[in-house]
Amino acid sequence: MKIILSICLLLSSFAWGQTMNNMTNKEKFQYIFEKLTKDTLPLIDEFYHPDVEFHDPVGTIKGSKKIKAYYENMYKNVKSIRFDFSEFIDNGDKIVGVWKMTLVTDKLNGGEPIIVDGNSVIHFKDGKAVYHRDYFDMGVFVYENIPGLGFVVKKIKDRFKVEE
């Protein structure tokens, strides 16, 4: 059974790669965000250059193998994740995508959906992503959804609000 599953993953990885090779950089960008799950991690090898540099509010990662390990760890507790894009700024090899992420995990927010606004900047070289930077509010994503800590973070944010 394990052999059959491995063959299926290998073949589907090959099929994804062939599909991505025929896409524009913008289409690859959107495709990876829409399709990447813990079950489709071979897409990382097709999307990212081996020497890619990745940044997000958690930290910096260099190399596609380390990004794959990062996603494996991050996605193991994800029940569902969806990115809805509202805009792309496309300059060929440099693209910005503005998105709204809806995430469900038992580890945060009592298993209820978490909605986070963000954007990603991706630079391509020879059809693969060599630079990827995500911008989003880590407070909304994680800190506000941890019991106890969430209450404190929301109170601090309330202090900075200006009445209209």
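In short, a report on the structure. Only a predicted model underlies this, so the values are computations on that prediction, with no experimental measurement involved. (Residues numbered from 1 in each chain as written. Predicted model: local features only at pLDDT ≥ 70, side-chain atom pairs only at ≥ 80, totals over all residues. Heavy atoms only, no water.)

### Focus on the overall build of the protein
Convention followed: Going along the chain from the N terminus, every DSSP run of H or I of four or more residues is numbered as a helix, and every run of E of two or more is numbered as a strand. Partly exposed describes any residue whose relative accessible area lies between the buried limit of under 20% and the exposed limit of over 50%, with all areas from a 1.4 Å probe on protein chains only and scaled to the type maximum. Only heavy atoms matter for contacts: two residues are in contact if any of them lie within 4.5 Å across the pair. For accessible areas, the Shrake-Rupley method is used with a probe of radius 1.4 Å. Any residue's cover is judged against the shown protein chains and nothing else.
Looking only at helices and strands, one finds 6 helices and 6 strands in the protein. Within the protein, buried positions represent 38% of all 164 residues. When contacts within the protein are restricted to residue pairs at least 6 apart in sequence, those whose partners lie at least 24 apart make up 48%. By element, 56% of the accessible surface of the protein is carried by carbon and sulfur atoms, the whole surface being about 10,400 Å².

### Focus: the packing of aromatic side chains
Two descriptors summarise a pair of aromatic rings, namely the distance from one centre to the other and the angle between the planes of the rings. Our working definition: Two rings from Phe, Tyr or Trp (for Trp, the six-membered ring) form a pair when their centres are within 6.5 Å of each other. A pair whose planes differ by under 30 degrees is stacked, one over 60 is edge-to-face, and the rest are tilted.
Per the stated rule, a full pass over the model turns up 14 aromatic pairs. Pairing Phe 29 with Phe 88 gives two aromatic rings, centres 5.5 Å apart and planes at 90 degrees, and the pair type is edge-to-face. Of the two residues, Phe 29 is situated in helix H2 (residues 25–35) and Phe 88 in strand S3 (residues 78–90); the sequence distance between them amounts to 59 residues. Take Phe 29: its relative accessible area is 0%, and that puts it in the buried class. A ring pair is formed by Phe 47 and Tyr 48, whose centres lie 4.8 Å apart and whose planes are at 85 degrees; its orientation type is edge-to-face. Aromatic ring contacts, followed pair by pair, group Phe 29, Phe 33, Phe 83, Phe 85, Phe 88, Trp 99 and Phe 136 into a single cluster.

### Regarding the environment of Lys 62
Tracing the chain through its elements places Lys 62 in strand S2 (residues 59–62). The class of Lys 62 is exposed, set by a relative accessible area of 57%. Each C-alpha atom of the pair Lys 62 and Val 52 lies 5.8 Å from the other, and the pair is 10 residues apart in sequence. Among all residues touching Lys 62, those that are not within four sequence positions of it are Val 52 and Glu 53.

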